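A closer look at the structure
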Amino acid sequence: MTFHIARLLEITAAATVIAGLGAVGAWMLYRKRPTAEELEVARRLFLTQSGRLVDGTLLDVCEVPAEDGRILTMLLYDYRIGGVDYECSQDITNMQDVVNAALVRAGFPCSVRYQPGHPQNSIVVAEKWSGLRVSLPVLPAYDDHESFDRRYLG
């Protein structure tokens, strides 16, 4: 009788393992996978919350045809981290309510958020953050030449 009980326990354990593996397999097969757009929104949110800031330069805004026939609006920018130059692009097609591509000017400085350890993972614009600057900074002119003390010049 002991042999029969041990055999019954082995069969029960094997059936439980097979049922568990089947359930995990079915879950992996039928689960809802995030779309490419959802992954991109999550990446931008991650960089907005934990990315480091560095100064960069806007290079261009261009429209590129996609494989599915859509036209993608790409923001091209570059930045330097640790002596290494990075030139990246960001798809801003679905972010027209955040950034107007017609107002982006090539050559203007911008702020870039990047992931420490993976500096090629970077953004300039997100849903709740923008590294675009409105205009170039204007430095005040120094007009008071008489108040300068020239005694120390020589």
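Residues numbered from 1 in each chain as written. Predicted model: local features only at pLDDT ≥ 70, side-chain atom pairs only at ≥ 80, totals over all residues. Heavy atoms only, no water.

**Examining the environment of Asp97**
Of note, Asp97 is situated in the loop between strand S3 (84–91) and strand S4 (109–115). Among the residues examined, Asp97 registers a relative accessible area of 72% and is labelled exposed. (Helix = DSSP H or I, 4+ residues; strand = E, 2+ residues; numbered from the N terminus. Buried < 20%, exposed > 50% of the residue type's maximum accessible area, 1.4 Å probe, protein only.)

**Some points on the sheet that holds strand S2 (residues 71–81)**
In space, the five strands of this open sheet follow the order S3-S2-S1-S4-S5, with antiparallel pairing throughout. At either end of the open sheet lies a strand with only one pairing partner, and these are S3 and strand S5 (118–123). Mean inter-strand twist for the sheet, computed between neighbouring axes without regard to direction, equals 45°. The sheet contact formed by S2 and S3 spans eight bridges and is antiparallel. Looking at S3, one finds that Arg80 is bridged to Asp85. Running at roughly 105° to S5, helix H2 (residues 36–50) makes contact with strand S1 (52–65), S3, S4 and S5 of the sheet. (Pairing = 2+ DSSP bridges. Axes fitted to C-alpha atoms, helices over the stretch in contact; angles between N-to-C directions. Contact = heavy atoms within 4.5 Å.)

**Observations regarding the pairing of S1**
Strand direction decides the pairing type here: S1 and S4, joined by six bridges, are antiparallel. Residue pairing across strands places Leu53 opposite Arg113, the latter belonging to S4. By the bridge criterion, nine bridges tie S1 to S2 in an arrangement that is antiparallel. Looking across to S2, one finds that Pro65 is bridged to Ile71. Counting the residues in the hairpin turn of S1 and S2 gives five residues, including Gly69, whose phi is positive at 95°.

**Side note on the pattern of salt bridges**
Under the criterion given, the structure shown has nine salt bridges. A salt bridge links Glu37 to Arg44; the nearest nitrogen and oxygen atoms lie 3.7 Å apart. We classify Arg44 as buried; its relative accessible area is 2%. With a shortest N-O distance of 3.0 Å, Arg133 and Asp55 are connected by a salt bridge. Of this pair, Arg133 sits in the segment after S5 while Asp55 sits in strand S1; the two residues are 78 residues apart in sequence, bridging distant segments of the chain. On the basis of relative accessibility, which here comes to 55%, the residue Asp55 falls in the exposed class. One network of salt bridges, with partners in common, ties together Glu37, Glu40, Arg43, Arg44 and Glu127. (Salt bridge = Lys/Arg side-chain N within 4 Å of Asp/Glu carboxyl O.)

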